[in-house]
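# Structure at a glance
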Amino acid sequence: MVYAVSDIHGCYDKYIDLLHKINFGPNDTLYVLGDMIDRGPDGFKTLLDMAQRPNVISLLGNHEAMAINVLPRMLRAVQPDGSVNLTEEDTEAVELWFYNGGELSLADFLWLNKDQMQTVWNYLLKMPLYQEANVGDRQFVLVHGGLENFSPSRPLENYTPDEILWCRPEPDTVYYEDKSVIFGHTPVQLLDTGDDMTETPAKVYRNGNLIDIDCGCVFPNGRLGCLCLNTMEEFYA
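Note that the structure is a prediction, hence the values are computed from the model and not measured. (Residues numbered from 1 in each chain as written. Predicted model: local features only at pLDDT ≥ 70, side-chain atom pairs only at ≥ 80, totals over all residues. Heavy atoms only, no water.)

## Looking at the pairing of strand β4 (residues 130–135)
Taken together, the six bridges between β4 and strand β5 (residues 138–143) define a ladder with antiparallel strand orientation. Counterpart to Asn 134 in the pairing with β5 is Gln 139. Where β4 folds back onto β5 in an antiparallel hairpin, the turn is made up of two residues, including Gly 136, whose phi is positive at roughly 65°. (Pairing = 2+ DSSP bridges. Helix = DSSP H or I, 4+ residues; strand = E, 2+ residues; numbered from the N terminus.)

So this is what it looks like as structure tokens:
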């Protein structure tokens, strides 16, 4: 079976619980649509687990992009006496990451040993911006945030990282007529649909070929939502 999940945000226990609920095995595939880290405490612990599973395919999220930008700056800035010497540009990058919950992830990263640090760093650098998947007779485009400045004739490889990672589609956005776009980044609780999306528990949002699977698992009323692309069945942790 083929599954998609997004925005785990350091909730390692929910991630493991979800794998048990879907009975995830070596013949299954799990696409993770970014934002595995930040806000929750165990982002890099989650990444380390994913890096060791060949059938887990992780896409880049905006939080991973911020970590890729900041971690080398932080490590380079640490002086022999333990002080930290950051440039103004470094400071702005760190502040942006910390504002978005990166401080917990930095602490989690520093608990790793050198081999583990190298493993998750290499894993981060290999993450693609998007993935296309054909499952049965359905076609899917998997991205973290959406497709800003969309045109159906525009090749996916022509989108910039910002257009994919930081995009927040409107709930009635129509991308492709013949492909479903599955995304995260925008918790369903924040979608302006006219309905009460703050319900407990949160649910995957579907509107035609637009599917938001970010159920805000790090929020008080959130869950980790997962979609089976074979059956379109929903699972939650």
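Resuming the write-up.
## Structural notes on the sheet that holds β5
If you walk across this open sheet you meet the five strands as β4-β5-β6-β8-β7, and the pairing is mixed. Among the strands making up the open sheet, the edge pair consists of β4 and β7 (205–207). Going from strand to strand, the sheet's axes swing by 20° on average, the running direction of each strand aside. Sheet analysis places strand β6 (residues 180–183) next to strand β8 (residues 210–212), joined by three bridges and oriented parallel. Looking at β8, one finds that Val 181 is bridged to Leu 210. (Axes fitted to C-alpha atoms, helices over the stretch in contact; angles between N-to-C directions.)

## Overview of helix α2 (residues 43–51)
Here α2 lies mainly inside the structure; seven of its nine residues are buried. Of all the residues in α2, the buried ones are Gly 43, Phe 44, Thr 46, Leu 47, Leu 48, Asp 49 and Met 50. (Buried < 20%, exposed > 50% of the residue type's maximum accessible area, 1.4 Å probe, protein only.)

## Structural notes on the sheet that holds strand β3 (residues 56–58)
Ordered by their spatial adjacency, five strands build an open sheet running β3-β2-β1-β9-β10, and the pairing between neighbours is mixed. The two strands at the open ends of the sheet, each matched to only one other strand, are β3 and β10 (234–236). The sheet shows a mean angle of 25° between the axes of neighbouring strands, taken without regard to direction. Of the strand pairs in this sheet, strand β1 (residues 2–5) and strand β9 (residues 225–228) are connected by three bridges, and their pairing is antiparallel. Bridging across to β9, Tyr 3 finds its partner in Cys 228. Its contacts with the sheet place helix α1 (residues 12–21) against β1, β2 (29–32), β9 and β10, and it is angled at close to 135° to β10. (Contact = heavy atoms within 4.5 Å.)

## Let's talk about the pattern of salt bridges
In total, this model carries six salt bridges according to the counting rule given. Note that Arg 73 is salt-bridged to Glu 89, the shortest N-O span being 3.3 Å. With a gap of 16 residues between them, Arg 73 in helix α3 (residues 62–77) and Glu 89 in helix α4 (residues 88–99) connect regions that are remote in the sequence. Where Arg 206 meets Glu 234, a salt bridge forms, and the shortest distance between an N and an O atom there is 2.9 Å. Of the two residues, Arg 206 is situated in strand β7 and Glu 234 in strand β10; the sequence distance between them amounts to 28 residues. By sharing partners, the salt bridges in this structure join Arg 73, Glu 89 and Asp 90 into a single network. (Salt bridge = Lys/Arg side-chain N within 4 Å of Asp/Glu carboxyl O.)

## Regarding the packing of aromatic side chains
Enumeration over the complete set of coordinates arrives at six aromatic pairs. Ring centres of Phe 150 and Tyr 175 lie 4.9 Å apart, and the angle between their planes is 70°; this geometry places the pair in the edge-to-face category. Highlighted residues: Phe 150 in the loop between β5 and α7 (161–165) and Tyr 175 in the loop between α7 and β6, separated in sequence by 25 residues. Taking the relative accessible area as the measure of exposure, Phe 150 reaches 22% and is therefore partly exposed. Relative to Tyr 176, the ring of Phe 150 lies with its centre 5.0 Å away and its plane at 85°, an arrangement referred to as edge-to-face. Here Tyr 176 lies in the loop between α7 and β6 and Phe 150 lies in the loop between β5 and α7, a separation of 26 residues in the sequence. Accessibility expressed as a relative area gives 8% for Tyr 176, which makes it buried. (Phe/Tyr/Trp six-rings, centres within 6.5 Å; stacked < 30°, edge-to-face > 60°.)

## What about the packing of α2 against helix α6 (residues 114–125)?
Between two packed helices, what matters for the description is the angle formed by their axes and the separation of those axes. Their axes nearest at 9 Å, the elements α2 and α6 cross at an angle of 75°. Taken as axis vectors, α2 and α6 run roughly perpendicular relative to one another. From α2, Phe 44, Leu 47, Leu 48, Met 50 and Ala 51 reach across to α6, where they touch Gln 116, Thr 119, Val 120, Tyr 123 and Leu 124. Looking at side-chain class alone, the contact of α2 with α6 contains eight nonpolar, two polar and no charged residues. (Parallel < 35°, antiparallel > 145°, perpendicular 65-115°, else oblique. Nonpolar A, V, L, I, M, F, W, Y, C, P; charged D, E, K, R; others polar.)

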